[in-house]
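Chains, contacts and geometry: an overview
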Amino acid sequence: MATICGALTEDNLKDCDVPLQSGTRDELKIMNFADVTLTRDVVTGAITAITQTVPGSAVVIDGQKNSIAPRTEMVKVGVYKRFDHEIKAMGFSISPIIKKDLESAKDGLYIGVVENFFKGADGSAAFEIYGADNGLELDALTREANNTDTQGGFEFTFFTDTNKEPRLPASFFLTDYATTKALYTAL
């Protein structure tokens, strides 16, 4: 049976015992969209498994002080409502091999996984996947050598440029926080 569109069914209440908290951990994991298969829980919609063509091949982008900045926004696309997914990040290496890698990255499609500071009471809100359905493009890449805020590092923006996502960023969760963290670490 198909899910009925256009109906709210869950209360959205604040939890005084587990208050919402802003911010993300200082690490972003990026994977090539074509190299990943996601398994989704049919009841919750959460991703319960990430299978990579080459296990452990996710690229890590280190962050500092909330420099990993994911964002989502509902947008209208013709008669439909879809979602923009965006992850801004900083790159703190400007080596020749990094530059060569970034030149190649401009033509790719990616999935990004971030860890929120807020985990929720059961840990199910800790990890989110951006670009799960259609992927993210490296939409912007900037480096200002004299910028004291970035110390001359790269500023990345991964974004759903053309093909908008049909859903909000997917939660990544299996059983509990510790199990999910181990799966994330292994990416």
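Okay, so let's go over this structure.

Procedures and definitions
Here, residues in each chain are numbered from 1, in the same order as that chain's written sequence. Local features are withheld for residues below a pLDDT of 70 in this predicted model, meaning they are given only at 70 or higher, and side-chain atom pairs are given and counted only at 80 or more; totals for whole chains, interfaces and linings count all residues. Computation of side-chain values covers all heavy atoms of the structure but excludes hydrogens and water. Per the convention used, a helix needs a DSSP run of H or I reaching at least four residues, while a strand needs a run of E reaching at least two, with both numbered from the N terminus. For a compact globule the rule gives 2.2 Å times the number of residues to the power 0.38, and the radius of gyration it is set against comes from C-alpha atoms. For every residue, the accessible area obtained with a 1.4 Å probe (protein chains only) is divided by the maximum for its type, and the residue is called buried under 20%, exposed over 50%, and partly exposed between those limits. Here, residues are in contact when the closest pair of their heavy atoms is within 4.5 Å. Surface accessibility follows the Shrake-Rupley procedure with a 1.4 Å probe radius. Residue values consider only the protein chains on display as shielding. Only four residue types enter the tally: Lys and Arg on the positive side, Asp and Glu on the negative side; His and the chain ends are excluded. Note that the charge is assigned to NZ on lysines, CZ on arginines, CG on aspartates and CD on glutamates. The criterion for strand pairing is that DSSP finds at least two bridges linking the strands in question. Convention adopted: a line fitted to C-alpha atoms gives each axis, helices being fitted over their contacting stretch, and angles between N-to-C directions are expressed from 0 to 180 degrees.

Within the protein chain one finds two helices and 11 strands. N-terminal to C-terminal, the α/β element order of the protein chain is β-β-β-β-β-β-α-β-β-β-β-β-α. In terms of overall size, the protein chain behaves like a compact globule, its C-alpha atoms giving a radius of gyration of 17 Å where 187 residues would be expected to give roughly 16 Å. The 187 residues of the protein chain split such that 35% are buried. Sequence-distant contacts in the protein chain: of pairs separated by 6 or more residues, those separated by 24 or more amount to 68%. Element-wise, carbon and sulfur atoms account for 52% of the exposed surface of the protein chain, whose accessible area totals about 11600 Å². Here the protein chain contributes 18 positive and 27 negative side-chain charges, whose respective centroids are spaced 3 Å apart.

On to the environment of asparagine 163, then. Mapped onto the elements of the fold, asparagine 163 is located in the loop between strand 10 (154-159) and strand 11 (170-172). Considering only alpha carbons, one finds asparagine 163 and valine 42, 121 residues apart in sequence, at a separation of 23 Å.

Here we take up the sheet that holds strand 5 (residues 69-77). Within a sheet, each strand pairs with its neighbour through backbone hydrogen bonds, oriented either parallel or antiparallel. One open sheet holds the four strands; their spatial order is 5-6-10-9, and the pairing between them is antiparallel. The sheet is open, and its two borders are formed by strand 5 and strand 9 (137-143), each paired with just one other strand. Taken over all neighbouring pairs, the strand axes of this sheet differ in orientation by 20 degrees on average, direction set aside. As defined by bridge partners, strand 6 (residues 80-91) adjoins strand 10 across six bridges and the pair is classed as antiparallel. Looking at strand 10, one finds that isoleucine 87 is bridged to phenylalanine 158.

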